Amino acid sequence: MSITHIQGFTVVLALPEGWREVLVRIWQFLSQPHSVGNGNITFSVTSLVLGTIILGVAILLSRTVSDILKRRIAKRAYLDPGIQYTLGRLTQYLVITIGLLLALTIGIGLNLTSLAVIFTALSVGIGFGLQYIAADIASGFILLFERPVRVGDRITIGEDEGDVQSINLRTTVVLTNNRVSIIVPNSKLVSQRLINWSYGDPRARIAIPIGVAAESNIDVVTQTLTKVAEGVDNVLTDPAPKVQFLKFGDWSLDFRLLVWTNRPRLHMQIRSDINYRIDKLFREAGIEIPYPQTELRIRKGSLHIDTDDTLTAHSPSDMPADS
């Protein structure tokens, strides 16, 4: 074997030793701690990577644990879906919080002092620009614990109506009849007036106002409205429908038909069915539904109609001698 071959073999054997030294130096550089401020926050590249991995695992673990808990709770028939959803959400938030604290502890060497610094900075940020977000988050916990609105409830807020699909940390998703998802801030559900058609007593009363002509027979109107509620789907016979004579209006007699239902989320369809029945039975009974009317009275003079269809009032002194 020549000297050249022996030297080449020696170089090949020396390469692993050189690579190991390079890797050791890279590891030492990545593991070198860096301090921020007074040394309360200490981190390195490897600790940041490890903290990020821990946070990612915590997020995945929170979803898995939440799904497992929901499936186990779903087997218990005596627990309503709202409680199942609340327990699943709280479990998910708890696992994420523990994972976040652990990631901060390993990633930047978090201690109580640095935690106080972080919360101080957050409080300053909340005071200047994040107060609305903080209010939404606090309202989200109120919704989960107090449960005035639950997943699956039928609610009306403002002009929007739909079923609650999910209650998240900051917003609530409401699905309308048109299959459109409305994103509502949680603070709006807590602070503003809303109608929950699924809360408390499953029965609800629906009022249908109706006006009839002033010449109508009140007894016939009452009997017809009572007959209207018969045979309408989802309208209860106990309590029985009731008719109220509200007032003498400017151009109508105002009545109100009151019906009860145990499916209040269908109140829009029930109103529609009843209105169809009112129109049909009123036509059969000869009951007229009036429209706004205006009377024009001229105490002196007369009203002259020109050929251009305009109305002109004349006083007696302006009238022709032969009129």
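Below is a summary of the structure that appears in this document. Not measured: the values here are computed from a predicted model. (Residues numbered from 1 in each chain as written. Predicted model: local features only at pLDDT ≥ 70, side-chain atom pairs only at ≥ 80, totals over all residues. Heavy atoms only, no water.)

## Thoughts on the sheet that holds strand β10 (residues 253-261)
Keep this limit in mind: Pairs of strands are assigned from DSSP output, requiring at least two bridges between the strands. By the criteria applied, helices consist of DSSP H or I runs no shorter than four residues and strands consist of E runs no shorter than two, each listed in order from the N terminus. An axis is simply a line fitted to the C-alpha atoms; with a helix, the fit covers only the stretch in contact. Between two such axes, the angle follows the N-to-C directions and lies from 0 to 180 degrees. Contact between two residues is taken to exist if any of their heavy atoms lie within 4.5 Å; hydrogens are not considered.
Pairing in this open sheet of three strands is antiparallel, and the strands run β8-β10-β9 from one edge to the other. Two strands in the sheet have a free side with no partner beyond their single neighbour: β8 (204-212) and β9 (242-248). Pairs of neighbouring strands in the sheet enclose a mean axial angle of 25 degrees, with direction left out of account. Across the sheet, helix α6 (residues 218-228) touches β8, β9 and β10, and the angle it forms with β10 is around 25 degrees. Across the face of the sheet, helix α7 (residues 267-285) comes into contact with β8 and β10 while running at roughly 30 degrees to β8.

## Examining the packing of α6 against α7
Applicable threshold: Oblique is the label for every angle not falling under 35 degrees (roughly parallel), over 145 degrees (roughly antiparallel), or within 65 to 115 degrees (roughly perpendicular). The sense of a crossing depends on the near helix, which, turned anticlockwise from the far helix by less than a right angle, makes the crossing left-handed and, turned clockwise, makes it right-handed. Ten residue types, Ala, Val, Leu, Ile, Met, Phe, Trp, Tyr, Cys and Pro, are classed as nonpolar, four, Asp, Glu, Lys and Arg, as charged, and the remainder, Gly among them, as polar.
Direction vectors running N to C along α6 and α7 enclose 140 degrees, while the axes themselves pass 9 Å from each other. Here α6 is positioned oblique relative to α7, judged by the angle of their axes. Judged by the sense of rotation from one axis to the other, the crossing of α6 with α7 is right-handed. Between α6 and α7, the residues in contact are Val220, Thr224, Leu225, Lys227 and Val228 and Ile274, Arg277, Ile278, Leu281, Phe282 and Ala285, respectively. Among the residues making up the contact of α6 with α7, the classes are represented as eight nonpolar, one polar and two charged.

## Here's the deal with the sheet that holds strand β6 (residues 181-185)
Sheet architecture is open: five strands sit in the order β6-β5-β4-β3-β7, paired in antiparallel fashion. Only two strands of the sheet have a single partner each, and these edge strands are β6 and β7 (195-196). Pairing analysis gives four bridges linking strand β3 (residues 154-157) to strand β4 (residues 160-167), with the strands arranged antiparallel. Opposite threonine 156, over in β4, you have glutamate 161 as the bridge partner.

## A short note on α7
We count it as follows: Expected helix span is computed as 1.5 Å times (number of residues minus one). Partly exposed describes any residue whose relative accessible area lies between the buried limit of under 20% and the exposed limit of over 50%, with all areas from a 1.4 Å probe on protein chains only and scaled to the type maximum. By definition, the arc is the one covered by directions from the helix axis to the C-beta atoms.
In this model, α7 (19 residues) spans 26 Å end to end at C-alpha, consistent with the 27 Å of a helix rising 1.5 Å per residue. Of all the residues in α7, the buried ones are His267, Ile270, Ile274, Ile278, Leu281 and Phe282. Each buried residue of α7 lies within a common arc of 100 degrees when the element is viewed along its axis, so the set occupies one face. Facing away from the buried side of α7, by more than 90 degrees, are the exposed residues Tyr276, Arg283 and Glu284. Contacts made by the buried residues of α7 are with β4, β8, α6 and β10.

## Focus on the nonpolar core
Quick note on the threshold: What we call a nonpolar core is a set of buried Ala, Val, Leu, Ile, Met, Phe, Trp, Tyr and Cys residues that are connected through their side-chain atoms within 4.5 Å.
Counting residues in each nonpolar core, the largest one holds 21 residues, and the members touching the most others are Val212, Leu225, Phe255, Val259, Ile274, Ile278 and Phe282. Looking at this core, the elements with two or more residues in it are β8, α6, β10 and α7. If you tally residues by element for this core, the top one is α7, at five residues. Dropping the residues within four chain positions of it, phenylalanine 282 is found in contact with Ile210, Val212, Thr224, Leu225, Ile287 and Ile289. Judged by nonpolar contacts, the second largest core, of 14 residues, contains Tyr85, Ile157, Val164 and Leu189.

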